[in-house]
Amino acid sequence: MDQPRALVIGGGIGGLTAAVALRQRGWAVTVLERAPELTPVGAGLGLAPNAQRALDVIGLGDRVRALSAWQGDGGLRAPGGRWLSRTSSKAAADRFGGPLVLVHRATLVSLLASALPEGVVRTGTAAELTDPGDVGRPAVVSTPDGELEADLVVAADGIRSAVRRALFPGHPGPRYTGLTTWRVVVPAPERPFAPHETWGRGRLWGTQPLKDGRVYAYAMATAPEGAHAPGDERSELRRLFGDWHDPVPGIIEAADPGQVLRHDVHEMAVPLPAYHRGRVALLGDAAHAMQPTLGQGGNQAIEDAVVLAHHVGRNGDSGPAAEGATGLAAGLATGLAAGLASYSADRLPRTTAIVRQATRTGRMTAVSNPVAVAVRDALIVAVSRFGPGLILRGFAGIADWRPPQHTYASGTPRQ
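Let me sum up the structure you'll find in this document. (Residues numbered from 1 in each chain as written. Predicted model: local features only at pLDDT ≥ 70, side-chain atom pairs only at ≥ 80, totals over all residues. Heavy atoms only, no water.)

Turning next to the overall build of the protein chain. From N to C terminus, the protein chain includes 13 helices and 18 strands. For 415 residues, the compact-globule formula gives about 22 Å, and the C-alpha radius of gyration of the protein chain, at 22 Å, lands near that figure. In terms of overall dimensions, the protein chain has a C-alpha envelope of 70 × 50 × 35 Å along the principal axes. Counting all 415 residues of the protein chain, 53% fall into the buried class. Relative to all contacts within the protein chain whose residues are 6 or more apart in sequence, the contacts with residues 24 or more apart total 74%. Total accessible area on the protein chain stands at roughly 17700 Å², and carbon and sulfur atoms take up 53% of it. Looking at charge distribution, the protein chain has the averaged site of its 42 positive side-chain charges lying 8 Å from that of its 37 negative ones. (Helix = DSSP H or I, 4+ residues; strand = E, 2+ residues; numbered from the N terminus. Rg over C-alpha atoms; globule rule 2.2 N^0.38 Å. Buried < 20%, exposed > 50% of the residue type's maximum accessible area, 1.4 Å probe, protein only. Contact = heavy atoms within 4.5 Å. Areas by Shrake-Rupley, 256 points an atom, 1.4 Å probe, with all protein chains shown as cover. Lys, Arg positive; Asp, Glu negative; His and termini not counted. Charge placed at Lys NZ, Arg CZ, Asp CG, Glu CD.)

Spelled out as structure tokens, the structure:
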């Protein structure tokens, strides 16, 4: 029997990770990306130890760790500059078994794409799910060049996923959270700074270093859905954050107005009943869009990808191969159905819990009443007096996750 065939719809971080992981499990993979080239939308991305361990499975974890730039202290501040809580890169690495690595999305996309042979990624190719398939028939995807059949379709087509709507037409989909984000990458300021996130009244700012010397800055504020600044978005950042502590004003002034990205924040408040249907698996934002308040959106897409590849098994067959071509095909279909059910059972509870935790954190950052803000900040200060370990405890069960595989491609044994 020929290699089982997988089609991945979407060439973002989750889709490319899935393509690499499936190929390493014996699948023939094609990635269908609508955009004319692999130019990622976004700026920076924080890869926590959980995502790094997932990348270990496909042999890329150590290359990501080499991009770590955070050294020394950092923490949470108030707009006037007062530290509400402090931690350090060492404390985070000791607690979760690895550093937090800030990378530009383009860097990660290039790294993932380099692990795929020429021709696996087909850009400029819009794809639509025509038939999700079932145990008795393959899935069908239509493209401008015709229809393609596949033993497995991986839908990594983002927060507005057309595949999700086709699989679950009665689901309400993501909802607007009342929050808008801005992101930008700028040259490093002349004066050094401690990496930080700053919480104000219904506003948030973060400044983090990248390995190449640049700085990734992000902001979030409450705003009506679909709103835009009357001028450019840098002017809006200046209005909202221009009087905050250093280095925030300097970062804003260093930004190219045309490079400031603004996006409304949506989340999957109502979980899907499953992350698969027929021969189709959903991953990343298509399955469980979440607020960025925990920095886990991309991390969870990477987890999804390696866990999916694990559960569908080598050659899509989780059990012994049957005799003959017909038996092999039946074994593939049966094993795939069981693997996809296991994928949903594995991923849905974890990602639903993280979506809800991100929502709770978002409510804290969105507080705007002065009295409530004062109470919130006082509680953070009080908790921080017990040391950075207590603050980091909020990521317990998230950043310390390990993939189901028993060994990592980097050679580090599972603990």
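Having seen the model, we can carry on.
Buried within helix H4 (residues 89-96) we find Ser-89, Ala-91, Ala-92 and Phe-96. Viewed along the axis of H4, the buried residues span an arc of 165°, placing them on a single side of the element. H4 presents Lys-90 and Asp-94 as exposed residues on the side facing more than 90 degrees away from its buried surface. (Arc of directions from axis to C-beta.)

This next bit is on the sheet that holds strand S9 (residues 139-143). Taking strand neighbours across the sheet as the criterion, the three strands line up as S8-S9-S10 in an open arrangement whose pairing is antiparallel. In this open sheet, the two edge strands, each paired with only one partner strand, are strand S8 (128-131) and strand S10 (146-150). Each neighbouring strand pair of the sheet contributes to a mean axis angle of 35°, computed without reference to strand direction. Sheet topology note: the S8/S9 ladder contains three bridges and is antiparallel. By the bridge assignment, Leu-129 is partnered in S9 with Val-141. (Pairing = 2+ DSSP bridges. Axes fitted to C-alpha atoms, helices over the stretch in contact; angles between N-to-C directions.)

Attention now goes to helix H5 (residues 105-114). Looking at H5, one finds that the buried residues are Arg-105, Leu-108, Val-109, Leu-111 and Leu-112. Relative to the axis of H5, the buried residues are bounded by an arc of 160° and lie together on one face.

Attention shifts here to a nonpolar patch on the surface. Taken together, Val-371, Val-375 and Leu-379 make up a surface patch of nonpolar side chains, about 290 Å² in accessible area. Within the fold, Val-375 resides in helix H12 (residues 370-384). With relative accessibility at 46%, the residue Val-375 sits in the partly exposed group. (Patch = residues over 30% accessible without salt bridge, like charges linked within 9 Å, V, L, I, M, F, W, Y side chains within 5 Å. Salt bridge = Lys/Arg side-chain N within 4 Å of Asp/Glu carboxyl O.)

Inspection of every chain in the model, using the stated rule, returns three aromatic pairs. Relative to Phe-241, the ring of Trp-205 has its centre 5.4 Å away and its plane inclined at 55°; by these criteria the two rings are tilted. Taken as a pair, Trp-205 in strand S14 (residues 203-209) and Phe-241 in helix H7 (residues 233-241) lie far apart in primary sequence, 36 residues in all. Among the aromatic residues, those joined into a ring-pair cluster are Trp-205, Phe-241 and Trp-244. The cationic tip of Arg-77 hangs over the ring face of Trp-83; the distance from NZ or CZ to the ring centre is 4.5 Å. (Phe/Tyr/Trp six-rings, centres within 6.5 Å; stacked < 30°, edge-to-face > 60°. Lys NZ or Arg CZ within 6 Å of the ring centre and 35° of its normal.)

This brings us to the layout of surface pockets. What the second largest pocket holds in volume is close to 160 Å³. Lining the second largest pocket are Arg-77, Pro-189, Glu-190, Arg-191, Pro-192, Phe-193, Asp-246, Pro-247 and Gly-250. For the lining of the second largest pocket, the residue count by class is four nonpolar, one polar and four charged. (1 Å grid on protein atoms, 1.4 Å probe; cavity = no way out; pocket = protein on both sides within 12 Å on 5 of 7 lines; lining within 4 Å. Points joined across faces, edges and corners; volume = space filled by probe spheres on them. Nonpolar A, V, L, I, M, F, W, Y, C, P; charged D, E, K, R; others polar.)

As a further point, take the pairing of S9. The buried fraction of S9 is high, at five of five residues. Burial of S9 is two-sided: the residues Ala-139, Val-141 and Thr-143 facing one way and the residues Val-140 and Ser-142 facing the other way are all buried. Of the pairings in the sheet, the one linking S9 to S10 comprises five bridges and is antiparallel in character. Within S10, the residue paired with Val-141 across the bridge is Leu-148. Connecting the antiparallel pair S9 and S10 is a turn made up of two residues.

Taken as a whole and assessed by the stated rule, the structure comprises 16 salt bridges. With a closest N to O distance of 2.8 Å, Glu-303 and Arg-350 form a salt bridge. Of the two residues, Glu-303 sits in helix H10 (residues 297-312) while Arg-350 sits in helix H11 (residues 324-365), which places them 47 residues apart along the sequence. Comparing Glu-303 with Arg-350 shows no difference in burial state: the two are buried. A single network of salt bridges, built from pairs that share partners, joins Glu-303, Asp-304, Arg-347 and Arg-350.

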